[in-house]
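This is what each chain is made of:
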Amino acid sequence: MHSDKNKEVIDDGEDIEVADDINQFPTGLGRKYSPVVAHDVNDSAVVEMTSIHPGSSSSFPKHDLKKVKVGVQPNMASEEREESAANHNINGPQRESKLELFGFDSLVNILGLKSMTGDQIQAPSSPRDGEDVTITFEQPKPTADKSGTWMGVFMPCLQNILGIIYYIRFSWIVGMAGIGESLLLVVFCGSCTFLTTVSLSAIASNGAMKGGGPYYLIGRALGPEVGVSIGLCFFLGNAIAGAMYVLGAVETFLNAVPSAGIFRETITRVNGTDIAEPITSPSLHDLQIYGIVVSILLCFVVFGGVKMINRVAPAFLVPVLFSLLCIFVGIFSARHDRPAVGITGLSLESFKNNWGSSYQMTNNAGIPDPNGKIYWDFNALVGLFFPAVTGIMAGSNRSASLKDTQRSIPVGTLAATLTTTGLYLVSVLLFGAVSTRDKLLTDRLLSATVAWPLPAIVYVGIILSTLGAALQSLTGAPRLLAAIANDDILPVLNYFKVADGHEPHVATLFTAFICIGCVVIGNLDLVSPTSTMFYLVCYAGVNLSSFLLDLLDAPSWRPRWKFHHWGLSLVGALLCIVIMFLISWAFTIVSLALASLIYYYVSIKGKAGDWGDGFKSAYFQLALRSLRSLGANQVHPKNWYPIPLVFCRPWGKLPENVPCHPKLADFANCMKKKGRGMSIFVSIIDGDYHERAEDAKAACEQLSTYIEYKQCEGVAEIVVAPNMSEGFRGIVQTMGLGNLKPNIIVMRYPEIWRRENLTDIPATFVGIINDCIVANKAVVIVKGLDEWPNEYQRQYGTIDLYWIVRDGGLMLLLSQLLLTKDSFEGCKIQVFCIAEEDSDAEGLKADVKKFLYDLRMQAEVIVISMKSWEAQGEQQESVEAFSAAQQRVASYLEEMKEQARRDGTPLLADGKPVFVEEQQVEKFLYTTLKLNLMIQKYSRMAAVVLVSLPPPPSNHPASFYMEYMDLLVENVPRLLIVRGYHKDVVTLFT
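Parameters and conventions
Counting restarts for each chain, with residues numbered from 1 along the sequence as it is written. In keeping with the model being predicted, local features are shown solely for residues with a pLDDT of at least 70 and side-chain atom pairs are shown and tallied solely at 80 or more, while totals for entire chains, interfaces and linings include all residues. The basis for every side-chain value is the complete set of non-hydrogen atoms in the structure, without hydrogens or water. Strands here mean DSSP runs of E at least two residues long; helices mean DSSP runs of H or I at least four residues long; both are numbered from the N terminus. Relative accessibility under 20% of the residue-type maximum defines a buried residue, over 50% an exposed one, and the middle range a partly exposed one, all with a 1.4 Å probe and only protein chains included. Accessibility throughout is a Shrake-Rupley quantity obtained with a 1.4 Å probe, and a residue counts as covered only by protein chains that appear here. At least two DSSP bridges between two strands are needed for those strands to be called paired. Inter-axis angles, ranging from 0 to 180 degrees, are taken between N-to-C directions of lines fitted to C-alpha atoms, where helices are fitted over the stretch in contact. By salt bridge we mean one thing: a side-chain nitrogen of Lys or Arg within 4 Å of a carboxyl oxygen of Asp or Glu. What makes a nonpolar core is a set of buried Ala, Val, Leu, Ile, Met, Phe, Trp, Tyr and Cys residues whose side-chain atoms join them at distances within 4.5 Å. Residues are treated as being in contact if the distance between any of their heavy atoms lies within 4.5 Å. If you view a crossover with the strands going away from you and the path from the first strand over the helix to the second runs clockwise, you call it right-handed. In this analysis, the expected span of each helix is defined as 1.5 Å times one less than the number of residues it contains. Only Phe, Tyr and Trp rings are paired, with Trp represented by its six-membered ring, and only when their centres lie within 6.5 Å; those with planes under 30 degrees apart are stacked, over 60 edge-to-face, the remainder tilted. Angles below 35 degrees are treated as roughly parallel, those above 145 as roughly antiparallel, those between 65 and 115 as roughly perpendicular, and all remaining angles as oblique. In this scheme the crossing of two helices becomes right-handed for a clockwise turn of the near helix relative to the far one and left-handed for an anticlockwise turn of less than a right angle. Polar here means any residue outside two lists: the nonpolar Ala, Val, Leu, Ile, Met, Phe, Trp, Tyr, Cys and Pro, and the charged Asp, Glu, Lys and Arg; Gly therefore counts as polar. Note that the arc is computed from the directions linking the helix axis to the C-beta atoms. The term polar contact refers here to a pair of N or O atoms within 3.5 Å; inside protein, the definition further demands a hydrogen-donor-capable atom paired with an acceptor-capable atom, and it admits residues adjacent in sequence only when both atoms are side-chain atoms.

Attention now goes to the overall build of the protein chain. On a plain count of helices and strands, the protein chain comes out with 31 helices and 20 strands. By the burial criterion, 50% of the 990 residues in the protein chain qualify as buried. Accessible surface, the protein chain: about 47,800 Å² in total, of which carbon and sulfur atoms supply 57%.

This is the structure:
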């Protein structure tokens, strides 16, 4: 139990009781925590401290309490509050944290009890690439009243689904298709929306949902590009549907009250049925004038916000429900109260006569006419009836205005779908049994004819149902557009952004503009299929989203709605596609093309975002499965890809804010065929990992940005190690997984080590090469990296290969990869081989040519005998370099010997014992000199030269090996020094 004396109530200027000398409490790890304070001066927080009872095991002494004042500045960050408390002493002594062992304050103190269960704290927007997610805690702004399941989802869906199709076309559909196929039609179309509702319920119940409805769900499941493209199509569908409903209401009104028409037009059509009646068609100009007026009035209602819409909605829905009741009462009493031509009352004979279909030609008004131009079949009726089952997204469109989206959307949408589908099924049976087929086909307003007590009730129901559906469409569309704009994917939509809790007035005006534009068209038959196609695109997107999430079954996929399966979602998506083509293949192609264009535009102009979508999860699982299937066995040469590990650590210093040599990325691209493959860019930071972890993170982000800027497909890795040698040894052992480990180490030749007297480079350089040999990694060392051409600098001449040792064909493969690049495509390959005897030259040349032919490689083969090698003249510059190298080696050897005599130890170099034969050193120097002279003689005009990398001799000092290498690369402007590994990377066989 907590005593009243230990209870603290923090408020503006109120008293708080704290320990008098609480700073004397031991603080465990030495951290100090400031008490949790209110976020606003008017907000009070109640914090209780546990009493420390005498005699308990705690060693804390009992303290007296005193009163202090607490003042809290509003909207102050936690760091600022702590600093303010330290500087101004406004919070008094620090409170002891009970969870100090964990290094964090408690979740209740950090998040607040209300934020754990309520929705006051808005969910952070999806992070963009390179951004951190930050959570700010401040006093929540007052939000508008939220809607529940009934008013927020069920009623909007019911109003949208119960449209004009039911009143003026449903009985005609029953007459044309018959009762049997009409039932099949309702089940077919209803199954599509039912399966979509199941998928929608699963996604909507898998976590908190912001505004945007289906766009939010699809975007978070299939990615921002797909989400925006389908979301904008769905927005257009809602805006166009509003025009369709307005036109339907106006047309019904003008048919019910012909005298209201300004440009009244009456057309009498002759038909081949027993019932011939004049057909009155409203004038196009009447439809336009009345439609524009009604659209403007509805927009004024929408501008009033969700609260006004919720007040007006019952006024539209109640008369609709009452008209439905009057229709059913009229059907049951039709024959007895008001006998009429073609009305038989509920009759089994009529039911039997109307069971089969009667597909035939009709005129433009839908009246049977043998000379008509329109033939109706089941496919055509699908397109006519399907708008009667759309509207299931009306509730999810208003997701930002719902109290509990995870409960309201599944329950409300499913209830509305099942209710309307059941109504349609019952209506098929009743309409088919109440009248003759001719009456069904000729009386477009049969529902009004049979209504009790007056047809006017149905006219009112038709008008109010269509106006209610138009109101819901004009309410959901602007909120959908505002949600897309708020995600900041497309900058062109920034005008439609809206703050939380505010009405999207600009988006409403834009929606009204589109709606009025479609109303001006005045053709309901043209507007209706367009809207239906956009709805079906959205439904297919919802089903595909649920299918992908269900199939992947990521750990985060835990929907509260348990009745879902990926098979149902897949069937729902296929049904949507099938219905689209059944309605109109032309409209289907147009709608899909529009969605594709939007997708392409978003992928190019949109801002990159990572929403944790299903495609990323699919890529991840596919990568894992592929990695497991590859295993750890040796890759076949036909499937070998270079995976270069590019060592970015420079030999010296790079300019500030340049994490990698600019030409290393260009060279890494040259090692890929048509850009396929992956490079790993690594760098090493010297120091302690705990101290340099943040520096490594910042360096990795900088390197990743630079790689992206250079348009190189690769990843960046930063390693913190005591020194470069230790860091590289760890990298070469652990980098990669399975067969996706890097197989080629790429680095720059340290040309500056002697010029800048960097004496530590030789040991590091030799150590890296030895580590690669031990780890069985290929090595490519680039000399003359500053002169390496980019993609726009075309090279001419030859690519010369000095093939000295067997390297698995890596040198040959690299030369072929260079030829695939624009900068080297004009070059030819020359392969130089060395024969020990003149008699072996011709045979070696023939063998190499045959080998290259079998490898499908075109190259000129040049064989150089050792005799001609020995006889070649020596250039003065090379002789001077050779003499200087001899002198440096002799001087260094004398220093080592002198040091060994003083210390009484064997010869040591770089802290390791060495054994040097002076004749062997001379031999190595002479060999590299001759090879350098040969390169200068035959490859003076070469675009690039490739030569085998000699391994560092064991027991030789690192500085000696650098002398050999410097002599080898002397006066060669652009050189690749290559060492393969014990695996073939080319094959002779197909």
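A word on the sheet that holds strand S11 (residues 714-721). Strand order in the open sheet formed by ten strands is S11-S10-S9-S12-S13-S20-S19-S14-S15-S16, with mixed pairing between adjacent strands. Of all strands in the sheet, those with a lone pairing partner are S11 and strand S16 (860-865), marking the two edges. Pairs of neighbouring strands in the sheet enclose a mean axial angle of 20°, with direction left out of account. The pairing of strand S14 (residues 798-802) with strand S15 (residues 828-835) spans five bridges and is parallel.

On to the environment of Ser401. Counting through the fold element by element, Ser401 comes out in the loop between helix H12 (378-385) and helix H13 (405-434). Accessibility expressed as a relative area gives 13% for Ser401, which makes it buried. Sequence spacing of Ser401 and Val306 is 95 residues, and the spatial spacing of their C-alpha atoms is 7.6 Å.

Moving on, we come to the pattern of salt bridges. Applying the stated criterion to the full structure yields ten salt bridges. When the shortest N-O distance is used, the salt bridge between Asp488 and Lys497 registers 3.4 Å. The buried category is assigned to Asp488, whose relative accessible area is 19%. Note that Asp666 and Lys710 form a salt bridge whose closest N and O atoms lie 3.6 Å from each other. Of the two residues, Asp666 sits in helix H22 (residues 662-670) while Lys710 sits in the loop between helix H23 (689-709) and S11, which places them 44 residues apart along the sequence. Via salt bridges that share partners, Glu726, Arg729 and Asp771 belong to a single interconnected network.

A general tendency of soluble globular proteins is for nonpolar side chains to be buried together. In this structure, Phe385 and Tyr424 are the most contacted members of the largest nonpolar core, which totals 146 residues. Broken down by element, the residue count for this core peaks at 18 residues, all from helix H8 (residues 224-256). Ignoring sequence-local partners within four residues, the contact set of Tyr424 consists of Ile161, Leu162, Tyr166, Phe170, Val186, Phe385, Ala388 and Val389. Residues Val766, Phe832, Phe882 and Leu975 belong to the second largest nonpolar core, which totals 62 residues.

That bond from Trp452 to Pro453 is cis: its omega, 0°, falls within 30 degrees of zero. Checked against the element boundaries, Pro453 lands in the loop between helix H15 (446-450) and helix H16 (455-486). A positive phi is found at Asn971, a non-glycine position, where the angle reads about 65°. For Asn971, the location among the structural elements is in the loop between helix H31 (958-969) and strand S20 (975-979). For Asn971, a relative accessible area of 33% corresponds to the partly exposed category.

In this section: the pairing of strand S12 (residues 744-748). Burial analysis of S12 places four of its five residues in the buried class, the great majority of the element. Relative to S12, strand S9 (residues 644-647) runs parallel, the two sharing three bridges. In the strand pairing of S12, Leu645 is matched with Ile745. Pairing analysis gives five bridges linking S12 to strand S13 (residues 778-783), with the strands arranged parallel. From the neighbouring strand, Ile745 faces S13, where its bridge partner is Val779. In terms of handedness, the path from S12 via helix H25 (residues 761-774) over to S13 forms a crossover that is right-handed.

Before going further, it helps to examine helix H9 (residues 284-303). Relative to the 28 Å expected for 20 residues at 1.5 Å per residue, H9 spans 28 Å between its end C-alpha atoms, a close match to the ideal helical length. Positioned one or two residues after H9, Gly305 has a phi angle of 95°, which is positive.

Tallied over the full model, the rule gives 27 aromatic pairs. Between the aromatic rings of Trp150 and Phe154, the centroid separation amounts to 4.9 Å while the plane-to-plane angle is 20°, which identifies the pairing as stacked. Highlighted residues: Trp150 and Phe154, both in helix H4 (residues 149-161), separated by four residues, approximately one helical turn. For Phe154, a relative accessible area of 12% gives the class buried.

Attention now goes to the environment of Pro478. As for its placement among the helices and strands, Pro478 is situated in helix H16. The exposure class of Pro478 is buried, given its relative accessible area of 0%. Counting along the chain gives 243 residues from Pro478 to Phe235, while the straight-line C-alpha distance between them is 7.7 Å. When neighbours within four sequence positions are excluded, Pro478 is seen to be in contact with Ser473, Pro504, Ala507, Thr508 and Thr511.

Between H4 and H16, whose axes approach to 7 Å, the crossing angle comes to 120°. Here H4 lies oblique to H16, going by the angle between them. As for how H4 packs across H16, the hand of that crossing is left-handed. Between H4 and H16, the residues in contact are Pro156, Gln159 and Asn160 and Ser465, Gly468, Ala469, Gln472 and Ser473, respectively. Residues that form the contact of H4 with H16 fall into these classes: two nonpolar, six polar and no charged.

So, about helix H24 (residues 724-734). Taken residue by residue, H24 has Met724, Gly727, Phe728, Ile731 and Val732 as its buried positions. Buried residues of H24 fall within an arc of 125° about the axis and therefore sit on the same side. Turned more than 90 degrees from where H24 packs its buried face, Gln733 and Thr734 sit exposed. Residues of H24 that are buried make contact with S9, strand S10 (679-686), S11, S12 and H25. Where H24 begins, the capping side chain belongs to Asn723, and its oxygen is found 3.2 Å from the backbone nitrogen of Ser725. Remark: Gly736 follows H24 within two positions and exhibits a positive phi of approximately 95°.

Mapping Leu509 onto the fold places it in helix H17 (residues 505-521). Sequence separation between Leu509 and Pro478 is 31 residues, and the spatial gap between their C-alpha atoms is 8.3 Å.

Okay, the pairing of S15 next. Along S15, six of the eight residues are buried, which leaves the element largely enclosed by surrounding structure. Once you follow S14 into helix H26 (residues 810-819) and on to S15, the crossover reads as right-handed. Two elements, S15 and S16, share six bridges in a ladder whose sense is parallel. Of the residues in S16, the one forming a bridge with Ala835 is Ser865.

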